[in-house]
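Results of the structural survey
Spelled out from the first residue to the last, the chains are:
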Amino acid sequence: VCFIPGGLDCSMAFVSHVLGKVCIHGRQKEILGILVPLLAELTRSDCIWQRICWHLLDCVPDRWMEAVVLGFVQTAPGADALSRLLGNLVVKNKKAQFVVTQKVLLLQYGHTTEVLQNLLGYLSLDSPRRALLLRVLQELLETWSSSSAVKHSPPEQQLYISKAILICLSHLKEPEVQSCRQELLTGMMEGVKCHLDSSLPQLRRLGMVVAESISSKINTEGPVLKFEYEEDDETRELKSLLVQTPPLCVVPSTPDDKSEKTDAALPLVPESNKKSQTAAPVMPDEESDAELDSDDDLIPYDMSEDKELKIKAPVYIRDCIEVLTGSEDVDKWEATVKALESLVRRNPAATREVSVELAKILLHLEEKTCIEGFVELRQRAQVAVLTVDPIPVSKYLTSQFYSLNYSLRQRMDILDVLVLAARELSCPKFHGKTKHSDAQKPRIQLLPGNDSSKDWRRIIDERIKSKTRRFAMGQCHMEEASSPNEFNSVAGYFFFPLIQHFDRPLTTFDLLGEDHLVLGRLVHTLAVLMYLAVNTVAVTAMGKALLEFVWALRFHTDSYVRQGLLSCISSLLLSVPAELLLADMTEELLETQSWLGDVVEKDPDGDCRKLALQNLLLMENLKKKLEAV
């Protein structure tokens with residue numbers, strides 16, 4: 001550091017220009033990594049150095065101001081140091097004000113939590129800058145509560161804005177909270193609605209956490225909002241931002257000091273009272289009377305040999321229907337729910353006689369008792385009924401999906417059952433025993449009687465095999481019996497009814513409107529059904545219908561729906577043979593390829609961009625295979 005003797009004035013313009021030129025060319029870390037810690041130390045106790053630093057930044061040209069200010073914000077060791085280095089630059093310089101209050105907070109979202117704490121802490125440390133802090137909070141709340149921003153911005157940006165809001169709230173004083181209470185309440189109500197309407201669990205949880213924090217800030221004495229959600233590292237970090245942790249000077253203390261402090265913290269008790277505390281506590285009169293009237297003197301019955309009465313589950317399907325619809329015996333009802341799946345699979349002929357009626361009962365079945373795993377038991381029974389009699393039951397379920405008077409939960413249950421049953425029907429059935437197992441069973445099995453002499457070569461081979469040390473034997477595999485794909489003949493019954501009426505709103509159900517969560521589940525279900533229909537007769541017709549469906553919804557605002565649409569494209573490319581794709585859907589594939597390129601470049605959701613890129617790679621691989629043929 002050079003000093004100018006004689007009290008002469010000097011201009012900082014040249015140094016400011018050099019600093020700005022270096023930062024704008026991407027050398028912020030190299031120069032500011034050395035300069036900022038040095039200036040932070042010098043300005044800690046010397047106001048002259050503070051004025052020098054302020055003058056240095058005042059002389060930076062506007063075209064370089066963003067790089068310099070951003071470098072200082074990222075490199076400063078804390079909000080106090082940043083306040084000493086920048087002073088009131090954001091109040092005097094419009095470019096610096098735009099960078100700090102707009103660009104870093106609303107237009108970018110890649111900065112760390114420490115940078116946000118430095119920046120917003122800097123705005124809160126001086127009275128001229130606190131007006132900017134309140135304005136920043138209002139603009140952040142407007143963005144957070146905007147339904148358009150929630151739909152079109154990535155989850156990472158929503159998390160970034162939520163962190164900034166909570167840090168701003170932590171810096172507000174009580175009079176400031178009361179002055180903007182109405183704005184906070186309005187933003188909270190609008191924002192939590194937008195976030196709870198989202199299909200992404202992360203965004204819904206963000207809305208809950210931020211709404212709880214705002215509610216606790218504006219209602220310090222009255223009731224506050226409280227949501228039920230699973231806490232993870234992200235939510236714990238968000239809640240910690242609402243509490244300021246000022247740096248404390250830790251002074252080492254001796255054990256004697258600690259004992260003195262603990263003794264001082266305890267109330268003064270006379271010696272007689274200390275002795276009385278060690279004795280048995282004296283109970284009030286009411287408690288002593290209750291003890292005299294208690295039943296502790298009674299001898300308990302010996303129940304060690306008692307056995308729990310086991311309720312016998314019904315043996316016939318029709319008996320199960322009677323129990324599930326009209327029985328008041330709770331124990332029998334519970335035993336029926338537990339045994340229904342195995343009973344259906346053991347009696348397929350009897351199940352087919354009442355399959356639709358049983359499917360209807362299970363779809364409307366509600367939990368009477370607190371039975372463990374009730375939802376899973378009911379779902380497994382539904383899947384069993386659907387796999388035993390797929391055509392009539394699938395017709396019933398797909399028709400009920402678009403019917404009135406069903407809850408969203410029931411409609412999503414229908415989709416889950418269809419997917420699980422289709423997966424079970426499409427999987428090959430394994431029969432027979434394992435061919436070999438390395439270390440669990442002996443390799444040599446001697447045949448009884450004289451038959452061993454006939455198979456001497458097999459016995460020798462088994463002995464050689466048992467003595468041979470192998471480093472990689474591979475996994476045990478089952479002897480597969482050739483069995484037809486049972487999903488082949490019923491794929492159309494699962495698929496086409498679901499895709500027919502998606503654009504027809506009902507009184508209580510609108511897939512293209514507010515029920516986009518169910519639309520997302522429907523799109524993902526269609527993608528799975530398309531993937532499971534590989535090598536089936538109807539796969540080409542399903543592919544054409546699915547491509548038209550995707551093309552109609554490709555610009556949907558919900559990212560969960562768009563992810564499902566891109567999954568549909570992947571399933572189509574993997575299931576439909578390449579020759580049929582090019583023969584029947586050439587123009588549609590070219591348009592789809594152009595749309596996928598736009599998604600890779602412009603979609604705000606990272607998962608959508610990855611899926612679109614994977615689809616483009618699949619298309620390129622199919623093209624190469626056909627060229628090779």
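It should be noted that the structure appears before, not after, this text.
This write-up is about the structure you can find in this document. It should be emphasised that the depicted structure is a prediction, and the values quoted were computed from it without experimental measurement.

1. What to know about the side chain of Glu212
Its location among the elements puts Glu212 in helix 14 (residues 201-218). Of the side chains bearing the opposite charge, Lys239 lies closest to the buried Glu212, which forms no salt bridge; the N-O distance is 4.2 Å. Within polar-contact distance, the side chain of Glu212 engages the side chain of Tyr229 at 2.8 Å. Leave out the neighbours within four places in its chain, and Glu212 touches Leu225, Lys226, Phe227, Tyr229 and Lys239.

2. Examining the packing of helix 25 (residues 408-426) against helix 29 (residues 516-532)
The contact between helix 25 and helix 29 brings their axes to 10 Å, and the two run at 10 degrees. As far as their axial angle goes, helix 29 and helix 25 are roughly parallel. In this structure, helix 25 contributes Leu408, Arg409, Arg411, Met412, Leu415, Asp416, Leu418, Val419, Ala422, Arg423 and Ser426 to the contact, and helix 29 contributes Val518, Arg521, Leu522, Thr525, Val528, Leu529 and Leu532.

3. Let's talk about the environment of Ile52
Residue position: Ile52 is located in helix 3 (residues 47-58). Considering only alpha carbons, one finds Ile52 and Met12, 40 residues apart in sequence, at a separation of 8.4 Å.

4. Topic: the packing of aromatic side chains
Scanning all chains against the criterion turns up 6 aromatic pairs. Centroid distance Trp333 to Phe374: 5.9 Å. Interplanar angle 25 degrees. Geometry classified as stacked. Of this pair, Trp333 sits in helix 20 (residues 330-346) while Phe374 sits in helix 23 (residues 374-388); the two residues are 41 residues apart in sequence, bridging distant segments of the chain. Relative accessible area serves as the criterion here: at 0%, Trp333 is assigned to the buried category. Each ring, one from Phe495 and one from Phe496, has its centre 5.3 Å from the other, and the planes form 90 degrees; the classification is edge-to-face. Classification of Phe495 as buried rests on a relative accessible area of 0%.

5. As for the pattern of salt bridges
Under the definition given, this model contains 22 salt bridges. For Asp58, the salt bridge identified is with Lys92, shortest N-O distance 3.4 Å. With Asp58 in helix 3 and Lys92 in helix 6 (residues 89-92), this pair connects stretches of sequence that are 34 residues apart. One network of salt bridges, with partners in common, ties together Glu341, Arg345, Glu376, Arg380 and Glu424.

6. What to know about the environment of Ser575
Tracing the chain through its elements places Ser575 in helix 31 (residues 559-575). Along the primary structure Ser575 and Gly543 are separated by 32 residues, whereas in three dimensions their C-alpha atoms are 8.3 Å apart. Contact partners of Ser575, with chain neighbours within four places excluded, come to Met530, Tyr531, Val534 and Val539.

7. Considering a negative patch on the surface
A contiguous patch of negative charge on the surface is contributed by Glu548, Glu587, Glu588 and Glu591. Locating Glu588 in the fold gives a position in helix 33 (residues 586-602).

8. Examining the side chain of Ser124
You can see Ser124 is positioned in helix 8 (residues 113-124). Exposure remark for Ser124: the relative accessible area of 10% places this residue in the buried category. Reaching out from Ser124, the side chain makes a polar contact with the side chain of His171 at a distance of 3.3 Å. Non-local contacts of Ser124, meaning those with residues more than four positions away in its chain, are made with Arg130, Leu133 and His171.

The rules we used
- Residues numbered from 1 in each chain as written.
- Predicted model: local features only at pLDDT ≥ 70, side-chain atom pairs only at ≥ 80, totals over all residues.
- Heavy atoms only, no water.
- Helix = DSSP H or I, 4+ residues; strand = E, 2+ residues; numbered from the N terminus.
- Buried < 20%, exposed > 50% of the residue type's maximum accessible area, 1.4 Å probe, protein only.
- Lys, Arg positive; Asp, Glu negative; His and termini not counted.
- Salt bridge = Lys/Arg side-chain N within 4 Å of Asp/Glu carboxyl O.
- Polar contact = N/O pair within 3.5 Å; in protein donor to acceptor, adjacent residues only side chain to side chain.
- Contact = heavy atoms within 4.5 Å.
- Axes fitted to C-alpha atoms, helices over the stretch in contact; angles between N-to-C directions.
- Parallel < 35°, antiparallel > 145°, perpendicular 65-115°, else oblique.
- Phe/Tyr/Trp six-rings, centres within 6.5 Å; stacked < 30°, edge-to-face > 60°.
- Patch = residues over 30% accessible without salt bridge, like charges linked within 9 Å, V, L, I, M, F, W, Y side chains within 5 Å.
- Areas by Shrake-Rupley, 256 points an atom, 1.4 Å probe, with all protein chains shown as cover.
- Charge placed at Lys NZ, Arg CZ, Asp CG, Glu CD.

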